[in-house]
Amino acid sequence: MNDRNVGEHRLTLAEVVDWMVEDGLVGREAADALKSERRLHGGKLHPLIVIADQKWKSAKAPARLLNLDNLTEWLAGRTGLDYLHIDPLKIDFTGVAEVMSSAYAARFGILPVQVTTREVVIATAEPFIREWVAELQHILRKEIRRVMANPDDIGRYLVEFFNLAKSVKKAAARGEVTSGLSSFEQLVELGKGNRTFDANDQHIVHIVDWLWQYAFDQRASDIHIEPRRDLGIVRFRIDGVLHQVYQIPMAVMNAMTSRIKLLGRMDVIEKRRPQDGRIKTRTPTGQEVELRLSTLPTAFGEKLVMRIFDPEVLVRDFRSLGFSDDDQSRWKQMTASPNGIVLVTGPTGSGKTTTLYTTLKQLATPEVNVSTIEDPIEMVESAFNQMQVNRAIDLGFADGVRALMRQDPDIVMIGEIRDLETAEMAIQAALTGHLVLSTLHTNDAPSAITRLLDLGVPAYLINSTLLGVMAQRLVRTLCPHCKKATPITEDQQAAWRSLVAPWKSAEPVQLWQPVGCLECRMTGYTGRVGIYEVLLNSPEIRRQIKPVTEIPKLREQAFREGMRPLRISGALKVAQGQTSLEEVIKVAPPSDDG
């Protein structure tokens, strides 16, 4: 249907459901029932919102749920407009707010979403109201391109984008004094404490609150606020990948950093040295969230990173973390022991802390005393007794463990074994009847044993205390809404063989590939899951642990006893359609010793 042939009017529920019947999306009986019900009750809701509330499934294959996004996409095609899913991370709100006033946008229910030198793209949910197009073309002297967007999104972002743009503009106007400093001048000014505007300014408060809300909405794990020469950059880490979100005037960025430092009980004036802080806040749904703050002085000013800790982590089970039945059985065998050392290894950001917290949460029954020493405490949990490393008063991991030993613990978690002194204290705790859990930074599970030997721990002590080691990585999971099954190609066959070598696993007939849709923000992936390599310290493994341990022989023995290397664990998830071949090859280290 070409909308130019239809008169100027607002969409009615009757015409939209009649089109749905024509297109075979819904039966005539259901459509008539909805029309008669709405005639009785009336209402001013957009027809698509009313229809989406029915939770109908399409009568046409595939029988997908007719939610608001699906309905908007269908109506866009029906009325000859392009469909747009409004992604707040990709919209320059300060730029689009210059196009028209918020009152004008609200009057017609429209929202500018992109401005270029040639055209302005404007989202609407009313395809047959076009009177504003000629007006704007005349005023802006640019082409106007209309796109169809979800009416809920237009209503929500219409308020938020204009309010946020106003806040940024006013905050920037108040902070003009600092916005033009060169890097040299900024370095000279560091620490002088000359604040030009208040971090509690309502506009800055609004911007910071809005930033957090969107980070939570987008499932971000970290927020980076980074100064550049002329402006500030805001980036979100989502599923392990950084995405640039906004560019903000330097003055606004400086005020935002001050606001966040204030809330985190950090020294707002001190900008010459790194600082750490912590903030507790709530998501729009009322769920409590903890943010861990870290600042760093850079050439262009102070960089701030906020790590978002999801409280859901503590209530997740091993299955949702990605453990197979075999992984779970081997891990529980280790952690069920009354005494000994259990190690989790992997690089930063591989989910070690999540695994440990999930394990401790299950072990922390009323009958046992669980105590931790962390740097820093990543998530506060009432079931544990948590202590934080404090370098300022010489309270390190080793001193912390020494103090915990006098607290009658049953289970001790040490944030990380970094040196011989901490390793010795962990071993001492294990020898005196405690279960000790800790982390190491190594590539795989067998390498943890050589790392302990390198630190200076005698082989006989490792033999007598180590229960086992688990190495892990996080791989992105394919979006269930858009992943696509494809026959395996020759290149993929070669990649599969390199992935599972020297394990002679059968090649899968097909693989699943990332595609990209609205649900996954066009990345093809949603969320992450763990892949694991679990080494149990059996009598045969102990015989391999000597002052000069041959890792290839130790690894070979572990394989014989059922340890699956990280790449094989990943390959199983590829074969199950959970992730892609490329993702596992990128994340997991090779299984061999080359």
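The written sequence of each chain sets the order in which its residues are numbered from 1. In keeping with the predicted nature of the model, local features appear solely for residues at pLDDT of at least 70, side-chain atom pairs appear and are counted solely at 80 or more, and the whole-chain, interface and lining totals rest on all residues. Where side-chain values are given, they derive from all heavy atoms of the structure, hydrogens and water being excluded.

Draft legend 1. Representation of the packing of helix α18 (residues 445–455) against helix α22 (residues 551–560). It is the contact of α18 with α22, at a shortest axis distance of 9 Å, that shows an interaxial angle of 140 degrees. Classified by the interaxial angle, the pair formed by α18 and α22 is oblique. The element α18 and its partner α22 pack so that their crossing is right-handed. Seen from α18, the contacting residues are P446, S447, I449 and T450; seen from α22, they are I551, L554 and R555. In this count, Pro and Cys sit with the nonpolar residues alongside Ala, Val, Leu, Ile, Met, Phe, Trp and Tyr, while Asp, Glu, Lys and Arg are called charged and the others, Gly among them, polar. For the contact of α18 with α22, a count of residues per class yields four nonpolar, two polar and one charged. Working convention: axes come from line fits to C-alpha atoms, limited for helices to the stretch in contact. Angles between N-to-C directions cover 0 to 180 degrees. The numbering of helices and of strands both runs from the N terminus, where a helix is a DSSP run of H or I of at least 4 residues and a strand a run of E of at least 2. Note that the term roughly parallel is reserved for angles under 35 degrees, roughly antiparallel for angles over 145, roughly perpendicular for angles of 65 to 115, and oblique for everything else. Working rule for handedness: look at the near helix, and if it is turned counterclockwise from the far one by less than a right angle, call the crossing left-handed; if clockwise, right-handed. Working rule for contacts: check all heavy atoms of both residues, and any pair within 4.5 Å makes them a contact.

Draft legend 2. Here's a closer look at the pattern of salt bridges. One side-chain nitrogen of Lys or Arg within 4 Å of one carboxyl oxygen of Asp or Glu is enough to make a salt bridge. Following the criterion strictly, the structure yields 34 salt bridges and no others. A salt bridge links R228 to E226, with the shortest nitrogen-to-oxygen separation between them at 2.8 Å. Classification of R228 as partly exposed rests on a relative accessible area of 33%. Among the salt bridges present, the one from E550 reaches K553, with a minimum N-O distance of 3.8 Å. Only protein chains enter the accessibility calculation, which uses a 1.4 Å probe. A residue is then buried if its area is under 20% of the maximum for its type, exposed if over 50%, and partly exposed in between. Take E550: its relative accessible area is 45%, and that puts it in the partly exposed class. Each of D18, R28, D32 and K35 takes part in a single network of salt bridges with overlapping partners.

Draft legend 3. View of the nonpolar core. With 67 residues, the main nonpolar core has I86, W132, I223, F236 and Y246 as its most contacted residues. Tallying contributions element by element places helix α8 (residues 151–174) first for this core, with 10 residues. Once residues lying within four places of it in the same chain are set aside, the contact partners of W132 are Y104, F108, I110, I122, T124, I144 and R146. Residues grouped as a nonpolar core are buried Ala, Val, Leu, Ile, Met, Phe, Trp, Tyr and Cys residues, joined through side-chain atoms within 4.5 Å. Judged by nonpolar contacts, the second largest core, of 52 residues, contains F397, L404, L499 and A588.

Draft legend 4. The arrangement of the state of the cysteines in detail. Two cysteine sulfur atoms form a disulfide, by the criterion used here, when they sit within 2.5 Å. Evaluation of the coordinates by the stated rule reveals zero disulfides. C517 supplies the cysteine sulfur nearest to C479, a cysteine that is in no disulfide, at a spacing of 3.7 Å. According to the relative accessible area criterion, C479 is buried, its value standing at 0%. Judged by relative accessible area, C517 falls into the buried class, the value being 16%.

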